[in-house]
Amino acid sequence: MEHNHKQPELEVRVKNIIEVDGLKFKDLNNSGKLEPYKDWRLSPKERAENLVTLMNIDEKIGMMLINTRRMGLSQEDKSKTSHDGVLDEAIVEKGENIFAISKIYGTTHTIENMHLRHFIHRDNHSPAQMAEWINKMNEVAEGTRLGIPCLITSNSRNENGESIFGMNDAVGIFSTWPGTLGLAAAAKGDIKNGGDASLISEFAQIAHDEWDAVGIRKGYMYMADTATDPRWQRTYGTFGEDPGFISDVIGRIIDGFQGKELGKNSIAMTTKHFPGGGARENGFDPHYAEGKWNLYPTPGSLEKYHLPPFRAAVEHGTSSIMPYYSIPSIGKSVVQEFEGEDIPFEEVGFTFNHYFLQRILREELGFKGYINSDSGITSKMAWGVEDKTEAERFAKAINAGTDLVADTNDIENLKIAIEKGWISEKRINEANVRLLTEMFTLGLFDDRTYVSPDQAAEVVNTPKHWEAAYEAHKKSVTVLKNSNGTLPLRAEKLTDKKVYVEVFHKDPKLAAMYSEQARKECQELESVTLTENHEEADTAILFLQPKSGSYFNATPGLLELELCEDKTITALDGSSYQETTLSNMAHLKEVADSVHVRGGNVIISVNVTLPWILGNVEPLADALIAGYDTFFKPQFEVIAGESQPVGVLPLTLPASEEVIAVDENGDCVSPNDVPGYDKDKYMHAGLSYAYKDSDGNIYKLGHGLTY
């Protein structure tokens, strides 16, 4: 790597600038001398190695933890803030909320006395406010003994969806694209039409510019997991079920956010969740105990379906990799191989799993970055090491290869592990060098410490960013069924006709709010005459937004994928309970029947966040479309023929409950570790996995009709 010895523009707010050889450097430790770590002419690694020799053990411990940090603006009690309300200084006692696993201190104390430098940002304020907040945190950091800056990370901020802590914490401030599955549907549609996935590259470049301007320099994204178990609640955060496509996408995302190599304008990526979280045990997720296992019942599945996107991530130089919480199951798997070698399964979560992290990820895949655990691995999600103390869990994770432990400020237990001699000084130094090398490479010690709030606002409000995002919404719309040329509803089809629009949701209050919004957006189409009364409508356009399960809690039985209301389900313990994924189903049928009686058409759009089983609604629809947290207006434009449909399904929709049935031993008739497009190879004779509609369309990976 070539080093440019051109003087960077340095800004200090607390410390001084010193001159050496006619060049300027930040005197970050007030020594008046130029130690190598302050010398921007040296390589990031040389600087990191020097800085580690100057750090004490407490500073090294703080460097290895990353914790969620609230902004002062989110603190209601302004007496608990500093720096004109910008920094949150409140103390939260242990257990006061579900994320306060240990006592949380104010921002200044956490930076100055606990020595944390990595923080997860989950709040959703304006770009200028975020930039100002990051600047103030770095100002506090600059004032510390060695002047080590802060690095702020976040989950994805550029996709539409209802907010869910830990998945889409923040929506609608940055340019807002369809959900991850929608990006996949749009890009796969472009590929089907003879193009490539460059829509993903454009997305990554635009999102990069917004993050860079605001000063969030590291992203916990994207999910490189291949969706193979249809009941996995996190399916909507993936790029679908096609490992080759996901590999292409992940490469483009890393190139777009990081650049061809990591540098001072990069957003460093943390690709997750190694070695693929899709191989669930019937959809249960390792955020809770019921979902702690990864299953590989199919020979070769790990190497064929789950690892390829991570190989692509390593080849494109992802800065960091996040292992999943789950444990590879011996009892429910067959032996898996990688590059001709059998993989020994140690039944501990992947962040504690020495063979997966060292042998597969570092040695065989050649990964050079650092390993960032998922949140809560030493406390709540310590699968396979539940019997160990928290200090022992730290030792197990760090000795297995984990460098940064997520969403904790538990410096005490990490210190115990070090003092007892369970983690060597050499290993602690290695982790610190890796973490600091990223910070130096990102320019955080030099000319990228502070950002301009005005410029942050300007970049995020760039109209062409929002236009590109809108274009992706349009392209994501997937036409699954179009009986007798129902679509497009061009103006001439609508002369003297009345259109009824309604949104259905699991939550009736949200349904009413969204219906109002959808009607307003439909009215913006010139050709449409809306009616509020479905009994006089000639055409109904109905949007269904089903919801199933919860991100942090197991359902009593298997996750429900049918669109249903008050359906009786048997829990795993044999008791019965009611499940609803969509409210007002009787009303939905009533609207459809009423329009059909008058010879009208019913157009149904289903929001595909999970591979829903559509048997209860597809027969009601003359035209059926899929969106993926896609805005209403672009869907109306495609329905009206103002835009050609491009999108295709990024995953296969199951035919029925029968094809995903689970027997009394917990085994699924279609294997959990194989993507939908390949499940038929493993099904009993007579069963086909993909849904087939009344027109004979098969809703498998890549299906999408055009006009």
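Structure: see above.
Small disclaimer: the values here were computed from a predicted structure and weren't measured.

**Observations regarding helix H18 (residues 632-639)**
Point 1. Counting buried positions along H18 yields seven of eight residues, so the element is predominantly enclosed.
Point 2. Turning to H18, its buried residues are Phe632, Pro634, Gln635, Phe636, Glu637, Val638 and Ile639.
Point 3. Buried residues along H18 sit in contact with helix H15 (463-476), strand S18 (499-505), helix H16 (508-523), strand S19 (539-545), strand S22 (601-607) and strand S23 (623-627).
Point 4. Gly641 occupies a position one or two residues after H18 and carries a positive phi of about 80 degrees.

**Some words on the sheet that holds S23**
Point 1. Read across the sheet, five strands follow the order S17-S23-S22-S19-S18 without closing on themselves; strand pairing throughout is mixed. Each having just a single partner strand, strand S17 (478-482) and S18 make up the two edges of the open sheet. Ignoring which end each strand starts from, the neighbouring axes of this sheet average 15 degrees apart.
Point 2. Strand contacts of H16: S18 and S19, with the helix running at about 145 degrees to S18, the strand carrying the most contacts.

**Quick look at the packing of helix H7 (residues 243-258) against helix H9 (residues 308-315)**
Helices that pack against each other are described as a pair by the angle of their axes relative to one another and the distance between those axes.
Point 1. Two elements in contact, H7 and H9, have axes whose closest approach is 8 Å; the angle formed by their N-to-C orientations is 25 degrees. Relative to H9, the element H7 lies roughly parallel. For H7 against H9, the interelement crossing comes out right-handed. In contact with Pro243, Ile246, Ser247, Ile250 and Ile254 of H7, H9 contributes Pro308, Pro309, Ala312 and Ala313.
Point 2. The residue makeup of the contact of H7 with H9, split by class, is eight nonpolar, one polar and no charged.

**Quick look at the pattern of salt bridges**
Point 1. Tallying each qualifying case throughout the model produces 49 salt bridges.
Point 2. Between Lys136 and Glu139 there is a salt bridge, with its nearest N and O atoms 3.6 Å apart. In this pair, Lys136 and Glu139 are both assigned in helix H4 (residues 127-142), three residues apart and thus about one turn of the helix distant.
Point 3. Residue Lys136 is classed as buried on the basis of its relative accessible area, which comes to 15%.
Point 4. The salt bridge involving Glu536 is made with Lys498; its shortest N-O contact spans 3.7 Å. Taken as a pair, Glu536 in the loop between H16 and S19 and Lys498 in the loop between S17 and S18 lie far apart in primary sequence, 38 residues in all.
Point 5. Here the salt bridges do not stand alone but share partners, grouping Glu11, Arg13, Glu132, Lys136 and Glu139 into one network.

**Examining the nonpolar core**
Point 1. In this structure, Phe239, Phe274 and Leu436 are the most contacted members of the largest nonpolar core, which totals 128 residues.
Point 2. Sorting elements by how many residues they give to this core places helix H6 (residues 198-214) first, with eight residues.
Point 3. If sequence neighbours within four positions are ignored, Phe274 has contacts with Leu307, Phe310, Ile321, Met322, Pro323, Tyr324, Phe350, Phe356, Leu357, Ile360, Leu361 and Leu365.
Point 4. Counting 44 residues, the second-largest nonpolar core is a separate cluster that includes Ala185, Leu561, Val591 and Ile613.

**Some details on the environment of Gln517**
Point 1. Summarising the element assignment, Gln517 is placed in helix H16.
Point 2. What makes Gln517 partly exposed here is its relative accessible area of 32%.
Point 3. Separated by 247 residues in sequence, Gln517 and Thr270 have C-alpha atoms that sit 36 Å apart.

**What about the packing of aromatic side chains?**
Point 1. Counted by the stated rule, this structure contains 21 aromatic pairs.
Point 2. On the basis of an interplanar angle of 85 degrees and a centroid distance of 5.3 Å, the ring pair of Phe543 and Phe636 is categorised as edge-to-face. Of the two residues, Phe543 sits in strand S19 while Phe636 sits in helix H18, which places them 93 residues apart along the sequence.
Point 3. On the basis of relative accessible area, Phe543 is assigned to the buried category, the value being 2%.
Point 4. Overall, the relative accessible area of 1% leaves Phe636 in the buried class.
Point 5. An aromatic cluster is defined as three or more aromatic residues linked by ring pairs; in this entry it consists of Phe174, Trp177, Phe203, Trp211, Tyr222, Phe239 and Phe257.

Thresholds applied
Within each chain, residue numbers correspond to sequence positions counted from 1 in written order. Local features in this predicted model are restricted to residues whose pLDDT is 70 or higher, and side-chain atom pairs enter the listing and the counts only when it is 80 or higher, whereas totals over whole chains, interfaces and linings include all residues. Where side-chain values are given, they derive from all heavy atoms of the structure, hydrogens and water being excluded. A simple rule labels every residue: compare its accessible area, found with a 1.4 Å probe on the protein chains alone, to the largest value its type can have, and call it buried under 20%, exposed over 50%, or partly exposed in between. Each helix corresponds to a stretch of at least 4 residues labelled H or I by DSSP, and each strand to a stretch of at least 2 residues labelled E; elements are numbered beginning at the N terminus. In what follows, a contact means two residues having at least one pair of non-hydrogen atoms within 4.5 Å. For two strands to pair, DSSP has to find at least two bridges joining them. Angles run from 0 to 180 degrees between N-to-C directions of axes, and those axes are lines fitted to C-alpha atoms, restricted for helices to the stretch in contact. Roughly parallel means an angle under 35 degrees; roughly antiparallel means over 145; roughly perpendicular covers 65 to 115; every other angle is labelled oblique. Crossing handedness is read from the near helix: turned anticlockwise from the far helix by less than a right angle, it gives a left-handed crossing, and turned clockwise, a right-handed one. Here the nonpolar group is Ala, Val, Leu, Ile, Met, Phe, Trp, Tyr, Cys and Pro; Asp, Glu, Lys and Arg are the charged ones; every other residue, Gly included, is treated as polar. Each salt bridge in this description consists of a side-chain nitrogen of Lys or Arg and a carboxyl oxygen of Asp or Glu lying within 4 Å of one another. We define a nonpolar core as any set of buried Ala, Val, Leu, Ile, Met, Phe, Trp, Tyr and Cys residues linked to one another through side-chain atoms lying within 4.5 Å. A pair of aromatic rings is counted whenever rings of Phe, Tyr or Trp (Trp by its six-membered ring) have centres within 6.5 Å, and the orientation is called stacked for planes under 30 degrees apart, edge-to-face for over 60 and tilted otherwise.

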